[in-house]
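An overview of the molecular structure
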Amino acid sequence: MALSSNKTTDSRRTEVNDNPVAFTLTKHNAWFLWLSQCLNILTLVTELDNWMLGIVALSLLWQALLLQKRSDGTNAAKKGVLTANPVSTDIVVNKVPPTLLALFAILGCLAIVLTAKQSGLLLSMVHLLCFSYALKSFELRTRGDFYQLILLGGFVLASALIFKQNLTFSLIIFTLLLFNFSVLLQFFSSAESFINNLKTTGMLLIQSTILAVVLFLVFPRLPAFWQMPIANSAQTGLSDNVSPGDIAKLTRSTELAFRVDFNEQKAPDYNQLYWRAMVLEDYDGKQWSRHNIYSPQQTSKVDENLTAAYLNKKKINAGLTYQVIIEPSYQKYMFALAPAVLSGKQAGIIAMPDYTLLSRKIISQAKSYQLTSYLNEPLADNITNHSREINLSYPKSSNPRLEELASKLKEKFPEPQARARAILATILNENYAYTLEPPLLQNNSLDQFFFETKAGFCVHYASAFTFLMRASGVPARMVTGYLGGEYNEVNSTEQSQRKGHMSVYQYDAHAWSEIWLEGKGWLRVDPTSAVDPQRVNTGWSNQLLQQQSELTNDFITLYQLKKNAWLNSLRLQFDALDYQWTSWVIGFTDKRQYDLLNKWFGYMKPWKLALIIAVVLIISMAFLMCLLHFVHRGKPKAKTQAKWQAIYEKALTRLTKLGLKKPKQMTVNGFAKEVRQKYPELAISFTRLSNTYNRLSYQALSWEEQQKLTLAMAQQYQDLLSQLTKHDKNNVN
């Protein structure tokens, strides 16, 4: 619907004079606007604090009550209760006292300020955005306010994408964006049904998507001009500090941690898939934590030294090269099958001497990197005195019964590896249990776990084993990361086996131990293999899956999905689609774009890139124009007619049945006079309709005034039809 420039000017003039026209919405459009606000806020419901959710819910409920009250007034008007107001289908939105609204806004902002330190800068900004969005609907005085509310809704949807970017959530955001734009279009074309406006908006978005895809592929990916603040509560996954029971809580989550693509190579056996994240060497008697013993100078040369060491070995087997796409964790640790080296130069990643990887920046979006692992090679050839001292230390008398057992084991098994096997045999042969819901321990006591409760998760067994080895004089440390993963072979074919990807979830979180042996280096020992061999060799048992199903709050649990073959197949199909989305859209870095353009157009130079962008834009616009021409080809051009003109034409058509036909040369007022003379009972309704038609046709009106008078004219037409119906009945009688 197009608006003329003079009407726009009149609208602006009307809004700033002493008696501005009240901003109005139709009943349906007002409710659609309210619904869009509710749906937009729902996308951030997991990021907002409970008190803010309460404030927003209260605001939306308040707005709904006001809309319902006005809707009741509208219905009463239609029944004839408010016949003095011809524009009864309008809803005046601004009815809240400004003082009350200002007080509510001040209290809300004060609450945001008081909780800012706990929430962090990012979440505080999101809270302020949602609070403003909820309150803005109470002060819709002009069309400008309406536009601002729609724009705030767009910002809310964009903010939601900061926290989640997977395929499912992106489709939800796209759908809500379509709904919001349809509400905007409905405001301008209230005569059309909302479904038709939804179709029109969808077609426009699809057409614009073509251009967006082209720009996504060829337009230079410029770095951000600002740094996105990190939410304090956004961290997911493993923690730098681990105490018994922590990872057991993490395994209740079915969120994705990272994905791996082995580039059509055969994936390692399950019991080799130890995804290394952090090495924990400090133990204070209650929890394990990282020990920073490496200087920046050492860490900057680690990857180079490792690569040179492996390449200089002539007898080394070929490494396993794979790509990892890590999900946003808002932490710095990354994942690798140790020992691993970075494939080529990859900026922003530090390879640590303990064979872990760190990102130089917080991982706030999906990050892709490539590694080469040498799974049959030992970890390190030597140990420094400082490292030996760190990995032998423990708080004396923190677990006296374990210290006593360690002394006995040292006497009975002088050889460290035999000592380790004896501890595993104890766990295997005695009544130990592997469970996601271990009993609570007093002060995280390892003594209580090993000698009394004898039930725990991987951290319990790894902690007790590492402590026993240290107390018996063997350097030992605990490692956290993930074990295994789910291989998705949906994309596999008979000609190309294992052309899939591996998904590793939070419930795959695991902890194990490493001990130092002279001549062998650091050796991995997983005490979980003694208490639950299936967990290490093939994955979760049905018993563990059932436990997780009982502990999680998911409506449909992973255990239920895996039990149903059809649902599980559907889940894997969607996981494959989500992987392609993450790999090609979320993980489309500037390096990947540069490589793709080089492949298509040869070596890229600035002038060549500028030429490509210009040509692609011209071709895209030409394609869209041809598409529009093809869609509208053959369709008769609709005669442009305002709604009030259509209403008047329908009234004339209806009067023709009574023998009243308006000559073309007769004026509107002249024909109304003729109707009054021949049919006095129709005089009032048709005269009102004719007067409204004259105002709409010849007076300079604002857009709001046009809408009000058009609605009034529609009501007057209904009144005319009622009079005509009575006239017909009287003639029949």
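These numbers were taken from a predicted model, which means no experiment stands behind them. (Residues numbered from 1 in each chain as written. Predicted model: local features only at pLDDT ≥ 70, side-chain atom pairs only at ≥ 80, totals over all residues. Heavy atoms only, no water.)

Bringing the overall build of the chain into the picture now. Across its full length, the chain carries 27 helices and 20 strands. Counting only carbon and sulfur atoms, one obtains 58% of the accessible surface of the chain, whose full area is about 38500 Å². (Helix = DSSP H or I, 4+ residues; strand = E, 2+ residues; numbered from the N terminus. Areas by Shrake-Rupley, 256 points an atom, 1.4 Å probe, with all protein chains shown as cover.)

With that out of the way, let us pick up a nonpolar patch on the surface. On the surface, Trp607, Leu611, Val615 and Ile619 cluster together to form a nonpolar patch covering roughly 420 Å² of accessible area. Residue placement: Leu611 occurs in helix 23 (residues 606–632). The partly exposed category is assigned to Leu611, whose relative accessible area is 47%. (Patch = residues over 30% accessible without salt bridge, like charges linked within 9 Å, V, L, I, M, F, W, Y side chains within 5 Å. Salt bridge = Lys/Arg side-chain N within 4 Å of Asp/Glu carboxyl O. Buried < 20%, exposed > 50% of the residue type's maximum accessible area, 1.4 Å probe, protein only.)

Here the focus is the sheet that holds strand 4 (residues 256–261). Whenever strands of a sheet pair, they do so through backbone hydrogen bonds, lying parallel or antiparallel. Strand order in the open sheet formed by 6 strands is 10-13-8-4-18-17, and the pairing between neighbours is antiparallel. Pairing within the sheet leaves two strands with one partner each, and these edge strands are strand 10 (340–342) and strand 17 (486–488). In this sheet, neighbouring strand axes are inclined to one another by 30° on average, regardless of whether the strands run parallel or antiparallel. Two strands pair when backbone bridges link them, and strand 4 and strand 18 (residues 501–505) are joined in this way by 4 bridges, in the antiparallel orientation. (Pairing = 2+ DSSP bridges. Axes fitted to C-alpha atoms, helices over the stretch in contact; angles between N-to-C directions.)

This part is about the environment of Ala134. Among the secondary structure elements, Ala134 is positioned in helix 6 (residues 121–136). Separated by 97 residues in sequence, Ala134 and Gln37 have C-alpha atoms that sit 7.5 Å apart. Non-local contacts of Ala134, meaning those with residues more than four positions away in its chain, are made with Gln37, Val56 and Ser59. (Contact = heavy atoms within 4.5 Å.)

Two faces, one strand: in a regular strand the side chains alternate between the faces of the sheet. Counting buried positions over the 7 residues of strand 5 (residues 274–280) gives 7, a clear majority of the element. Note: strand 5 against strand 16 (residues 476–483), 6 bridges, orientation antiparallel. Within strand 16, the residue paired with Met278 across the bridge is Thr480. The pairing of strand 5 with strand 9 (residues 336–337) spans 2 bridges and is antiparallel. In the sheet register, Arg276 faces strand 9, and the bridge partner there is Ala336.

The next thing to look at is the side chain of Ser463. Tracing the chain through its elements places Ser463 in helix 16 (residues 458–471). Residue contacts for Ser463: discarding those within four places in its chain leaves Pro244, Trp288, Leu446 and Met478.

Now for the pattern of salt bridges. Summed over the entire model, instances satisfying the criterion amount to 13 salt bridges. A salt bridge links Glu514 to Arg477; its shortest N-O distance comes to 2.9 Å. Here Glu514 is found in strand 19 (residues 509–517), whereas its partner Arg477 is found in strand 16, with 37 residues between them in sequence. On the basis of relative accessibility, which here comes to 1%, the residue Glu514 falls in the buried class. Take Arg477: its relative accessible area is 3%, and that puts it in the buried class.

This part is about the environment of Thr384. Its location among the elements puts Thr384 in the loop between strand 13 (367–373) and helix 12 (385–390). A polar contact is formed between the side chain of Thr384 and the backbone nitrogen of Ser387, at a distance of 3.1 Å. (Polar contact = N/O pair within 3.5 Å; in protein donor to acceptor, adjacent residues only side chain to side chain.)

On to the packing of aromatic side chains, then. Inspection of every chain in the model, using the stated rule, returns 36 aromatic pairs. For the pair Phe449 and Phe450, a centre-to-centre distance of 6.5 Å together with 70° between the ring planes defines the contact as edge-to-face. Take Phe449 and Phe450: they sit in the same class, and that class is buried. An aromatic cluster of at least three residues, connected via ring pairs, comprises Phe258, Phe262, Trp275, Tyr322, Tyr333, Phe335 and Tyr482. Positioned above the aromatic ring of Tyr432 is the side chain of Lys454, whose terminal nitrogen or guanidinium carbon lies 5.5 Å from the ring centre. In this structure, Arg477 packs its charged tip against the face of Trp522, placed 3.8 Å from the ring centre. (Phe/Tyr/Trp six-rings, centres within 6.5 Å; stacked < 30°, edge-to-face > 60°. Lys NZ or Arg CZ within 6 Å of the ring centre and 35° of its normal.)

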